[in-house]
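Overview (structure and organization)
Next come the chains, spelled out residue by residue.
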Amino acid sequence: MTALFARRALLAGGWDRNTRVEMQAGSISLIETKTVAKPGDTLVDTVLPALANLHSHSFQRAMAGMTEYRMAGRDSFWTWRDLMYRFTAHLTPEQIEAIAALVFLEMQEAGYASVGEFHYLHHQKNGTPYDNLSEHSDRIMAAASQTGIGLTHLPVLYSYAGVGKRPLEQGQMRFGNDVDRFCRLVEQARGAASALPDDCRVGIAPHSLRATAPDDLAQVLLAQATQSPVHIHIAEQPKEVQEVQAGLGARPVEWLLDNAPVGRDWCLIHATHMTKAETRAMAATGAVAGLCPVTEANLGDGPFNGATYLEEGGAFGVGSDSNVLISLTEELRTLEYSQRLRDLSRNVLVHGEGSVGHALYTAAAQGGAQALGRQAGEIATGRLADLVAIDSTHPTLCALTDAQLLDGLVFAAKDQVVTDLWSAGRHCVQAGRHRARDAILTRYRTAITSLLEEIG
Ligand code: ZN
């Protein structure tokens, strides 16, 4: 058993003072309120439920800053994707592991306890599978082990270049599987995950309605979806909406809700381009909207229909997706600011009256945990000990009341206010630093040097 003592804690029922939280086998075993510290307790200022980062492609972190140069007349999401494909052509298993470890470390130092790794780079450079079919999944799990982050691994089914079963293009050969081989890969990854802590999950991720087909999707859901998270990219770009509409006869979200058993164990990534009717229908399913505001801004995707979705009680969480920037506070404030800029309005993403920061943070904590299949998202007995401590004596926060604190965190602070982080009870960040920081950074630098030499 380990324990923390916090001067202030955001419990499931609200704010508390002088709180002890005991942790056992990864979960919260006891909460004592208005009490005193015991010998051996880790002392922190303010403890909050830590968020899940529900959508990541870790290797893309290594491209951050390489795609912001304007080329006359040709920059778009699709030219960004071309560079991403050049990158994926060269990555080795060692590099994938080293990059993922750095990314997971950065997430934990930013206050995320867990990650949904949406993993589509499966095969050797020439597109043939490794002798070990789940080689790259194993590398992601190794990175999770080194960092201690809570992993929900999401192997991706990627079979086609576009709607209508268009064959994969050259840059996509490392991603490709048919349903049979994909199911074998998932089984193998589930076997490998049994060596990780109990909170590790393996779900599935049909990549998008572009990269899978209706019959394949039905088959894979039947074979693999039982009680594990299902994530899918959807309606990120107008061109994708047009392609799906032309090929399948309905808009992407509309088609998915009509043709798949979308419910609480589903996470729809982006869902940017929805009509009001789609927005309402999606909220009613109980699925989580996987919003990635920083990446969506970076790629020029567009803003989410936040106000309509919240009116209908829709669940959401946040993800760092391309990992161009890993910052929990930045994701939440970009989400709210995207709505303000579009609507010429303020304080949009709160239903009724109340603190926007509090509403955003607590909803993302619960939605993120739901999307990753983690019993987390609030501080309560029996929940996973996914906890983050922040320093509310920091100059950006010290003037604020309990009711204002999460507004300060979301709109005024940087992630440096994070002092400690527990992923399912694993105390990975202490005094603002990840416990394996030096070794992980050294390996990352070596991996990047070799990768850049190869790309040339
Ligand atoms: Zn993505």
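Now for a description of the structure that goes with this document. Everything numeric here is computed off the predicted structure, so don't read it as measured data.

What counts and what doesn't
- Residues numbered from 1 in each chain as written.
- Predicted model: local features only at pLDDT ≥ 70, side-chain atom pairs only at ≥ 80, totals over all residues.
- Heavy atoms only, no water.
- Core = buried A, V, L, I, M, F, W, Y, C linked by side-chain atoms within 4.5 Å.
- Buried < 20%, exposed > 50% of the residue type's maximum accessible area, 1.4 Å probe, protein only.
- Pairing = 2+ DSSP bridges.
- Helix = DSSP H or I, 4+ residues; strand = E, 2+ residues; numbered from the N terminus.
- Contact = heavy atoms within 4.5 Å.
- Axes fitted to C-alpha atoms, helices over the stretch in contact; angles between N-to-C directions.
- Donors = N, O, S within 2.8 Å, 3.2 Å for Na, K, Ca; no water.
- Tetrahedral: all angles 85-135°; square planar, octahedral: opposite > 155°, others 65-115°.
- Phe/Tyr/Trp six-rings, centres within 6.5 Å; stacked < 30°, edge-to-face > 60°.

Section: the nonpolar core
Note on soluble globular proteins: their nonpolar side chains tend to be buried together. Within the largest apolar cluster, 124 residues are counted, with the highest numbers of intra-cluster contacts made by Phe104, Leu256 and Trp266. Among the nonpolar cores identified, the runner-up in size contains 14 residues, and Met23, Ile28, Leu387 and Trp422 belong to it.

Things to note about the sheet that holds strand S4 (residues 42-49)
Taking strand neighbours across the sheet as the criterion, the eight strands line up as S3-S2-S1-S4-S14-S15-S16-S17 in an open arrangement whose pairing is mixed. Strands with a single pairing partner mark the edges of an open sheet, and in this sheet they are strand S3 (27-32) and strand S17 (433-434). Sheet strands in contact with helix H13 (residues 402-411) are strand S1 (2-11), strand S2 (14-24), S4 and strand S14 (387-390), and its direction is about 70° off that of S2.

Focus on the coordination of the zinc ion
Only His55 (NE2), His57 (NE2), His233 (NE2) and Asp321 (OD) from the protein reach the zinc ion as donors, at distances of 2.1 to 2.6 Å. For the zinc ion, the four donor atoms in the first shell make angles of 84 to 172° at the metal, so the coordination geometry reads as irregular. The motif formed by the donor residues of the zinc ion, counted along the single chain, is H-x1-H-x175-H-x87-D.

Description of the pairing of S1
Each regular strand carries side chains that alternate between the two faces of the sheet. Of all the 10 residues making up S1, eight are buried; the element is thus mostly covered by neighbouring parts of the structure. In this sheet, S2 lies alongside S1 in antiparallel orientation, the contact comprising nine bridges. Within S2, the position partnered with Ala3 by the bridge is Glu22. Counted between consecutive antiparallel strands, the loop separating S1 from S2 contains two residues. Examined bridge by bridge, S1 and S4 share five bridges and lie parallel to one another. Following the sheet pairing, Ala6 is matched in S4 by Val44.

Digging into the packing of aromatic side chains
Enumeration over the complete set of coordinates arrives at seven aromatic pairs. The interplanar angle of 80° and the centroid separation of 5.8 Å between the aromatic rings of Phe59 and Tyr120 together place this pair among those described as edge-to-face. Here Phe59, found in the loop between strand S5 (51-56) and helix H1 (77-88), pairs with Tyr120, found in the loop between strand S6 (112-119) and helix H3 (135-147); they are 61 residues apart in sequence, far enough to count as distant. For the pair formed by Phe59 and Tyr120, the shared burial category is buried. A centroid spacing of 5.8 Å and a plane angle of 40° characterise the contact between Tyr337 and Phe411, whose relative ring orientation is tilted. In this pair, Tyr337 is assigned in helix H11 (residues 328-343) and Phe411 in helix H13, connecting sequence segments 74 residues apart. By relative accessible area, which is 33% here, Tyr337 ends up partly exposed. Exposure remark for Phe411: the relative accessible area of 21% places this residue in the partly exposed category.

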